[in-house]
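Okay, here's what each chain looks like letter by letter:
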Amino acid sequence: MAAVIALLAGVLILAGIVYDIARLVTPDEPRRPPLARLRGQRAALEESERWLVGLRLHQRIDAATYQRRMSALARGQRRTTTRPTNAAGGRHG
């Protein structure tokens, strides 16, 4: 009986290995699944961009600060490394 259980377990493991190899070889299967973290980072950058446009439209930051911060967003940095030069209005909670 133990031999039958061991044989069944071995066959299931072998079937799983064959399935995984076949799935990786087929051209329709994507090689790398989309990363949820990358989608989250992209969404965070878009939200930061909208926030920055709102600040500029409401005259909270000047044009030079807006351009510098948008350039940082284009490079994928959500936060600037230096303190903002025009922090009108203070911090809002």
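From a predicted model like this one, the values you see are computed outputs, not experimental measurements.

Draft legend 1. Layout of the pattern of salt bridges. If you walk through the whole model with that rule in mind, you get one salt bridge. We note a salt bridge from Glu47 to Arg50, for which the minimum N-O separation is 3.1 Å. Linking Glu47 with Arg50, this pair stays in helix H2 (residues 36-57), spanning three residues, or about one helical turn. On the accessibility criterion, Glu47 (44% relative accessible area) is partly exposed.

Draft legend 2. Spotlight on helix H3 (residues 63-74). The terminal C-alpha atoms of H3, which comprises 12 residues, lie 16 Å apart, in line with the 16 Å expected from a rise of 1.5 Å per residue. Considered for burial, the residues of H3 that qualify are Thr65, Ala72 and Leu73. All buried residues of H3 project into a common sector of 100 degrees when viewed along the axis, lining one side. In H3, the exposed positions that point more than 90 degrees away from the buried face belong to Ala64, Gln67 and Ala74. Gly76 lies just past H3 and shows a positive phi near 90 degrees.

The rules behind the values
- Residues numbered from 1 in each chain as written.
- Predicted model: local features only at pLDDT ≥ 70, side-chain atom pairs only at ≥ 80, totals over all residues.
- Heavy atoms only, no water.
- Salt bridge = Lys/Arg side-chain N within 4 Å of Asp/Glu carboxyl O.
- Helix = DSSP H or I, 4+ residues; strand = E, 2+ residues; numbered from the N terminus.
- Buried < 20%, exposed > 50% of the residue type's maximum accessible area, 1.4 Å probe, protein only.
- Expected span 1.5 Å × (residues − 1).
- Arc of directions from axis to C-beta.

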